[in-house]
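# Overview (structure and organization)
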Amino acid sequence: MPTPTPLRRASVAGIAGALMLGLTSVPAYADTTDGRPAVVTADGDTAVIDAIDPSSRTAGMLALYTPDAGAETRTNAFGGEAVLRALGGGSYEVLSVCTVFDSCAKPGNNAIPADGAVLSASPPEAGGVDDRRFLRDQLRAGDRVELRNLLIRRASSTLDATDPTAASHPGGVDPASGQCFPGCRGAEQLIAYTPAAGRPTTGTNDYGYEVTVSGGRVTARGGGNSAIPADGFVLSGHGSRGSWLEGNAPLGARVTLDGTTVIVEVDAESWLLGAERAGAAAGSAKDAALASCLAVDPTSIDAALAEADTLLGQARTLAATEPERAAELARDATRRAEVAGYRARESREVEGRGLWVRPIETTPAQIRASLDRIAAAGFNTVFLETVWGGYTIYPSAVAERAGIPSQRPEMRGFDPLKVWIDEAHARGVELHAWTHTFFVGIESGGGPVLRAHPEWAAVEREDVGKTGPQPSRMEPGYFWVDPAIPAVRSHVLATYDEILRGYDVDGLHLDYIRYPVSQPYGADFSYSAYSRQTFAAEHGVDPYTLKPDSPQWPTWNAWRERQVTTFVDAVRTLQRDVAADKKLSAAVFADPTDGLGKKFQNWGAWVDAGTLDFLTGMSFGTSAGSVGHDTAVMRERVGDVPLYTATYGPLRGSSPDLVLDQVQAVNDADSDGAALFAYNQLNARQQEALREGSFRNRSMVPHADHRAAALAGVTALRATLGRATACAPAATTAEVRARLAAAERLLRPGLPPASVEAAAAQLDKAVAAASGWGTAVQADFARRTVRDLRMYARWADLA
């Protein structure tokens, strides 16, 4: 986020006294905060709220978490929080206050009252105001405070450039190439693009956030490369500047440029316009769904739209006389219209729906509550972070034998892994043990693993000769063990053996199954004594003496790649030996050449060797188009192996619509499902969107039983074709329906393997037939049918 303005605090009582003495002309309270959201204590002390329901609480931030953020703030223990209960009219009662400076239990991760909110302060930036002290010193349990400007508000920031070029904006130029970054927008910059630029679009990439302003109001929000309107401009932010835009410039907001200053004003009219657009969008989505015979419930869509219309009418009536109340009603109208739009989304009945979870719950009751929310949102697979930061979450005899603490300190006294497994299975959710393979944490000195075994450390070229483990330069603060060292491999394998033998997990999920980022030269890994000596014994040269243009440099790269690949092979052998019914998966980088070139992660070879049961490909893009593109690249490489594309909407705090757009994009690009990162950032509105939209129908996991998954999909598709004659005439679809009926018979349980092969052949022929429907079948319906037929044929091939 931008550096806070100097005026972060104002005492209303002090200002009033100064006015009486004629010493200042500062006006009333609302002007002292310039219309920004704020908390005002009973004695008039004021603190500006920097963010409402942020995806992450960055340094120097005073955040307000409302029930929209979820059940808990999910913050760390280094800040401070005040829990509030709403009394009405913007007034709140302080229920509790706890900061890192106090002897109290909850300086972070407090439950958010359904009828209240939580004020949460992070440690300050260097020289910044410490909002934790404001909470500690100014708030007490039982106090009354006011929260102001939460709906009708004002925000401002400073542009880094307008219509930048390489000549006018050096900050947007890549020093390595001398050319502009996309759009000439640099890291952590806020840029304005106007028609004067003479370009049709901003030209930016997907790693930012943009709002389109037309006629003085925000008319569109999204990722990158937005069209520049003739009667307005586009604001484009990267990093925290993009987050600032997303949090402060909703649809309908008034935006003005005053030199280098951006001013965003959210008024009642903003909320009215936003509600109107949301209702229109939902109506269009319903029409499109029905026109393409998508399986939706028009009655439930109409019910939500009717609720939205009623609220919007009430808001219009009050807009002139009670703007705050009108804004509140229009906001609620927007949300009901959005629910209507979610209900017009596709929801498949057979697909993977994964969710990564870092367990911060320390009691069985908390675990049950989290799993209730996860299951209600429609997820069918949880990747539970079981080995992370160098600790196991369960009591580990393997760790204890290695001189490493046997369990994460905050989880001692019970076995959370067992509770998570039992409670997940009780809800029909798979539980896979998510493990950090060669990354061992960010604690000073390398964390518990490297404190016990500093000789296991991966060594960066520039750190050769230094004493003790050193963190990565390219992944700052991250400590790693060397994948080549036999003791490292034995310890990690023993840990996996312990998990697979001791717990009823559904699978083992490998993360950080790679070297640290090893470019540029000098920041490459690993030059431990073991790796240098072993490579020299095998190839006659110390790799530390090699350079990228050395003849043996490719051999050194291949040697490092082999250390990772052979370890994955060893894990596969272990899994087949001790838990053949469990699945082995890995989180991999979407671009196979990038993963291999920078991290020696050759997941393409793992796929070719049949080492993995499924992959979660990590797509870090901020738009639906980018994650769809990444999925298409991965699908081409993985062949029939199930692929669940990882999207990062929760981590980025993306809008609920964007989260659903990304799920749809990866499905349309032939993924077998989507996985979201991560539960700890998944907010209540995103959960609602999934529950009402893409995940509203209960769905079977395909990787658990390929034959059963293919049968369920074929049965559902045959029924769909039977119903959708308005989009797909029976005469046109007759061959496909006949082949589906044949495949359905051949996939039934108890038949020999040859019947499954015959079913796959029938599905391949059905794909060919459906691909030739042409204009006789509605285009979107035909596209979905071909997509799903291909998916079911893949599963039948694997069965």
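Now for a description of the structure that goes with this document. (Residues numbered from 1 in each chain as written. Predicted model: local features only at pLDDT ≥ 70, side-chain atom pairs only at ≥ 80, totals over all residues. Heavy atoms only, no water.)

Before going further, it helps to spend a moment on the overall build of the protein chain. A count of helical and extended segments in the protein chain gives 24 helices and 28 strands. By the compact-globule yardstick of 28 Å for 799 residues, the protein chain fits well, its C-alpha radius of gyration being 28 Å. Referenced to the eigenvectors of the C-alpha coordinate spread, the extents of the protein chain come out at roughly 90 × 75 × 60 Å. Per-residue burial for the protein chain yields a buried fraction of 55% across its 799 residues. The centroid of the 77 positive side-chain charges in the protein chain is displaced by 2 Å from the centroid of its 95 negative side-chain charges. (Helix = DSSP H or I, 4+ residues; strand = E, 2+ residues; numbered from the N terminus. Rg over C-alpha atoms; globule rule 2.2 N^0.38 Å. Buried < 20%, exposed > 50% of the residue type's maximum accessible area, 1.4 Å probe, protein only. Lys, Arg positive; Asp, Glu negative; His and termini not counted. Charge placed at Lys NZ, Arg CZ, Asp CG, Glu CD.)

Running from amino to carboxyl end, helix H23 (residues 753-771) crosses helix H24 (residues 779-798) at an angle of 165°, the nearest separation of the two axes being 9 Å. What the angle tells us is that H23 and H24 run roughly antiparallel. In terms of crossing hand, the pair formed by H23 and H24 is left-handed. Listed contacts from H24 to Val756, Ala760, Leu763, Asp764, Ala766, Val767, Ala770 and Ser771 of H23 are Val786, Leu789, Arg790, Tyr792, Ala793, Ala796 and Asp797. In the contact of H23 with H24, the residues fall into 11 nonpolar, one polar and three charged. (Axes fitted to C-alpha atoms, helices over the stretch in contact; angles between N-to-C directions. Parallel < 35°, antiparallel > 145°, perpendicular 65-115°, else oblique. Left-handed = near helix turned anticlockwise from the far one by under 90°. Contact = heavy atoms within 4.5 Å. Nonpolar A, V, L, I, M, F, W, Y, C, P; charged D, E, K, R; others polar.)

Let us look at the layout of surface pockets. Its boundaries defined by the atoms lining it, the second largest pocket holds a volume of some 460 Å³. Lining the second largest pocket are 23 residues, with Ala295, Ser347, Arg348, Glu349 and Thr720 sitting closest to its centre. Going through the elements one at a time, helix H21 (706-723) and H24 are the ones with two or more residues in the lining of the second largest pocket. When the residues that make up the lining of the second largest pocket are grouped by side-chain class, the tally is 11 nonpolar, five polar and seven charged. (1 Å grid on protein atoms, 1.4 Å probe; cavity = no way out; pocket = protein on both sides within 12 Å on 5 of 7 lines; lining within 4 Å. Points joined across faces, edges and corners; volume = space filled by probe spheres on them.)

This next bit is on empty space enclosed by the protein. According to the stated counting rule, one finds two cavities of 30 Å³ or more in the structure shown. Each pocket or cavity is described by its volume, and for the largest cavity that value is around 230 Å³. At the level of secondary structure, the elements contributing two or more residues to the lining of the largest cavity comprise strand E19 (381-388), strand E20 (391-392), strand E22 (439-441) and helix H12 (486-502). Of the residues forming the lining of the largest cavity, the biggest block, five residues, is contributed by H12. Residue composition of the lining of the largest cavity, by class: 13 nonpolar, eight polar and no charged. Residue classes in the lining of the second largest cavity are distributed as one nonpolar, four polar and three charged.

Before going further, it helps to spend a moment on the packing of aromatic side chains. Going through the model one piece at a time under the given rule, you end up with 24 aromatic pairs. Seen from their ring centres, Trp356 and Phe677 are 6.0 Å apart, and the 50° between their planes marks the pair as tilted. Taken together, the residues Trp356 in strand E18 (residues 352-357) and Phe677 in the loop between strand E28 (673-676) and helix H20 (684-692) connect sequence positions 321 residues apart. By relative accessible area, Trp356 is classed as buried at 3%. (Phe/Tyr/Trp six-rings, centres within 6.5 Å; stacked < 30°, edge-to-face > 60°.)

A few words on the pattern of salt bridges. Under the defined criterion, the tally for this structure stands at 51 salt bridges. Put simply, Arg787 and Asp788 hold a salt bridge, and the shortest N to O gap is 2.9 Å. Per residue, the accessibility class of Arg787 equals that of Asp788, and both read buried. Each of the salt bridges in this network shares a partner with another, and the network as a whole consists of Glu346, Arg348, Glu351, Arg353, Asp668, Asp780, Arg783, Arg787 and Asp788. (Salt bridge = Lys/Arg side-chain N within 4 Å of Asp/Glu carboxyl O.)

Considering all chains together, one arrives at three disulfides under this definition. Here Cys98 connects covalently by a disulfide to Cys104, the sulfurs 1.9 Å from one another. Across the disulfide from Cys98 to Cys104, rotation about the S-S bond amounts to roughly 95°, and the bridge is consequently right-handed. You can call Cys98 buried: its relative accessible area is 6%. (Disulfide = S-S within 2.5 Å.)

Across the interface, helix H17 (residues 624-638) lies against helix H19 (residues 656-668) with an axial gap of 8 Å and an inter-helix angle of 25°. Between H17 and H19, the interaxial angle falls into the category roughly parallel. The two elements H17 and H19 cross, and the hand of that crossing is right-handed. Counting all contacts with H17, which are made through Ala624, Val627, Gly628 and Thr631, the residues of H19 involved are Leu658, Asp661, Gln662, Ala665 and Val666.

The next subject is unusual backbone geometry. For the peptide bond that leads from Gln519 to Pro520, omega is 5°, which places it in the cis range. By the secondary structure assignment, Pro520 is in the loop between strand E24 (507-511) and helix H13 (529-539). Of note, the amide linkage connecting Phe525 to Ser526 takes the cis form, showing an omega dihedral of -5°. Of note, Ser526 is situated in the loop between E24 and H13.

Now for the pairing of strand E7 (residues 91-99). Strand direction decides the pairing type here: strand E6 (residues 80-88) and E7, joined by eight bridges, are antiparallel. Bridge pairing links Ala82 to Val97 in E7. What sits between the antiparallel neighbours E6 and E7 is a turn of two residues, in which Gly89 has the positive phi angle 65°. In this structure, E7 lies alongside strand E9 (residues 144-148), joined through three bridges in antiparallel fashion. By the bridge assignment for E9, Ser91 is matched with Glu146. (Pairing = 2+ DSSP bridges.)

On to the nonpolar core. Counting 104 residues, the largest nonpolar core has Ile374, Phe379, Leu431, Ile513, Trp606, Leu615 and Leu676 as the members making the most contacts within it. Top contributing element to this core by residue count: helix H14 (residues 553-578), with eight residues. Among residues more than four places away in sequence, those in contact with Leu615 are Ala586, Val588, Trp603, Val607, Val638, Val641, Pro642, Leu643 and Tyr644. (Core = buried A, V, L, I, M, F, W, Y, C linked by side-chain atoms within 4.5 Å.)

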